[in-house]
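# Coordinate inspection notes
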Amino acid sequence: EPNQPFPITPNLRFALQTTILDISPSKVADLDETDSLQEYADTFRHTVKLEYEEQMRLFEHYSLYQHQLKPMTNNTARILIPGILDARPSLSIADIVLLRPIQPIVMYQPDYHGRLTFTPNTLEIQSRIVDLVRGRKDEPDSVVISWELDIGQKELLKDDRFLREYNIRFVPNESFPQKCNTALGWLKGLSKPQQQNVKELLFPVVAPMVKPLSHDQMSCDMSGLAGDFRSSDVLKPLNEEQTSFVRMIRARTLDPTFESTRPACILTGPAGTGKSKTLIAAIADVLGLWKQDKTNKNRILLCAPSHAAADVLTERLTAILRRDEIFRMYSSSRPSTTVSGKMLPFTVTIPGSDTFTLPSPAAWTKFRVVICTCMDAHILYRAQITNYAIRTKRQCFLSYLRSKTPIGLNFGGSEVSCSKEPFFSHLFVDEAGQATEPEVLCPMSVVLDPLPGEQKVEIALIGDPRQLSPRIYSETAAMHGLGRSFMERILKRPVDCIGRGESHILGPDTLNSLDGPGSSLLDLIRYYKKIDGQEQLTIFLTENYRGHPSFLMMPSALFYYDRLRSAKNLGLDSLSYWIERLRSVEALTNRVEMAVEAPASCEDDMHIYRQVLRQ
């Protein structure tokens, strides 16, 4: 069945191989040319498998021989490995650890005549990583593993002095291929009419038609936003490009579609241009926080490729939302000791335990934003907390009420009807340039309702494909599309554009192709054409709030076609401003006393130079 986990089990015999298996050419497709969901899913199923096998091979470099353990309390043990936290691919929680004692295990067994004889046996213990601790100062890094042995194993491994040595191997956990395969299986399991609705999202061709905002709907003044903003920049005014993105999201929200899901709108730009600030402003607008709209029922699924990025978004949202309106979701396999204390108030754990779990059904109605990693969105899919499943349950309950109430649905003078709004009205993916396509499909399988006639979710991708790309270790898998993010593939896809029809936002292959009538740098930065004077799909942020203009010249010329500019208003006193800053830095160092008189010879020059170096 398509929703079954990927049938991959730890296979150390494969891990000992040094060759990389190649993909059959019949099972891969050019993702820039095809629009077949069958070929799309098959290609990524094979590339995900290749990536997992390559990680298994690389994990063999971490194998340890004749290594001792340090048993700890709570059925755990510690393995000391210098520098293991900086290794790539990195170990992660829930990875498999296989241990085999070097010394033979002596077992006494009765022979045919009833006499006890001892025979040496081998014993293999399978464990999992529960924590990774970085060493302090000269201490090595440590890997904490589960050490839950049965009574027989404890008796056989009894070692009061803890001098027993083990051969240790590490195997990556199977969650990555399983979760990716579940999302791909969901995609292949759609009917043909449902697949046609999803194609416009995965293989966009034209820009969507959205009703333009009226003059009264154009304002993005956040002065009426309530909350604690002492540690937030949310009230700082947005620049023109940031305002355009907020208006783009607002126009889509006010003019929902019921036929097929629109192509994702994209906010891109280098570091320091205010992407996260713009994202928070767009979330506040979607939830109706600017106008204090009490009737707003929108709910957002906010995802990021890493836990660090998701935690940052959670902390920034605390400035505009109450504690009971934010849910930070973690996998149950993640120990609570590895989660920041600032995040724990937004989580739910099993009573009497530190294990993370999902909240009760009644609590979901209070949440305005659900935050998780792209891979952890798989939890919502398996729990059937999806737009499709919840809409189906609503319709079943409505049919039940109709069957029990022959004379219409009228309770208390009002007719009961099924809500048309999706449970998750919006999906925002931050740092989308660092996520693989199968990763992004995990949250999409939660929010997409491919049935025609129902209100569709609005999707936005935030990131910069010119920065970090997905970290892929298999060269073959990366070559066949796994090393390119969904955002980058969409931005390079040929679509309707302005100007002379440049094919994608990332610009031409060479600077020489900038020549020609009608071409301009502005045309290269725009993705889709303007409809009724309004950008409908992509906004590129060019104002940088962190760098001096001189520092922005090189990245702007090499990667962004000289479009970056500093947002600092330096004016005529810019030179004095930076001289003052330089002097403040110099004031932190020791003063160097130098003679005012000119040296008499070159040897005196060298003497003063050495004196300056010593000081």
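All figures in this text were calculated on a predicted structure; none of them were measured in a lab. (Residues numbered from 1 in each chain as written. Predicted model: local features only at pLDDT ≥ 70, side-chain atom pairs only at ≥ 80, totals over all residues. Heavy atoms only, no water.)

## A short note on the overall build of the protein
- When helices and strands are tallied, the protein shows 18 helices and 20 strands.
- Each of the 615 residues in the protein was classed as buried or not, and the buried ones make up 47%.
- Sequence separation of at least 24 residues holds for 75% of the intrachain contacts in the protein that already meet a minimum separation of 6.
- Counting every atom, the protein has about 32700 Å² of accessible surface; 52% of that belongs to carbon and sulfur. (Helix = DSSP H or I, 4+ residues; strand = E, 2+ residues; numbered from the N terminus. Buried < 20%, exposed > 50% of the residue type's maximum accessible area, 1.4 Å probe, protein only. Contact = heavy atoms within 4.5 Å. Areas by Shrake-Rupley, 256 points an atom, 1.4 Å probe, with all protein chains shown as cover.)

## Some details on the sheet that holds strand S10 (residues 265-268)
- Spatially, S12-S13-S11-S16-S17-S10-S18 is the arrangement adopted by the seven strands of the open sheet, whose pairing is parallel. Both outer strands of the open sheet, strand S12 (326-328) and strand S18 (538-540), are each paired with one neighbouring strand and no more. If you compare each strand with its neighbour and ignore which way they point, the axes differ by 15° on average.
- Strand direction decides the pairing type here: strand S11 (residues 300-304) and strand S16 (residues 426-429), joined by four bridges, are parallel. Bridged to leucine 302 within S16 is phenylalanine 428.
- On the sheet, helix H12 (residues 437-447) packs against S11 and S16 and is oriented at approximately 170° with respect to S11. (Pairing = 2+ DSSP bridges. Axes fitted to C-alpha atoms, helices over the stretch in contact; angles between N-to-C directions.)

## Section: the environment of isoleucine 385
- With respect to the helices, strands and loops of the structure, isoleucine 385 is situated in the loop between helix H10 (377-382) and helix H11 (387-404).
- Isoleucine 385 gets classed as buried once you look at its relative accessible area, which sits at 12%.
- For the pair isoleucine 385 and phenylalanine 424, spaced 39 residues apart in the sequence, the C-alpha separation amounts to 9.6 Å.
- Isoleucine 385 has contacts with Leu358, Trp364, Leu380, Ile390, Phe423, Phe424 and Val446, leaving out every residue within four places of it along the chain.

## Topic: the nonpolar core
- Residues Leu187, Leu202, Leu301, Met444, Leu448 and Leu461 are the most contacted members of the largest nonpolar core, which totals 59 residues.
- Leu238, Met248, Val286 and Leu302 belong to the second-largest nonpolar core, a separate cluster that totals 35 residues. (Core = buried A, V, L, I, M, F, W, Y, C linked by side-chain atoms within 4.5 Å.)

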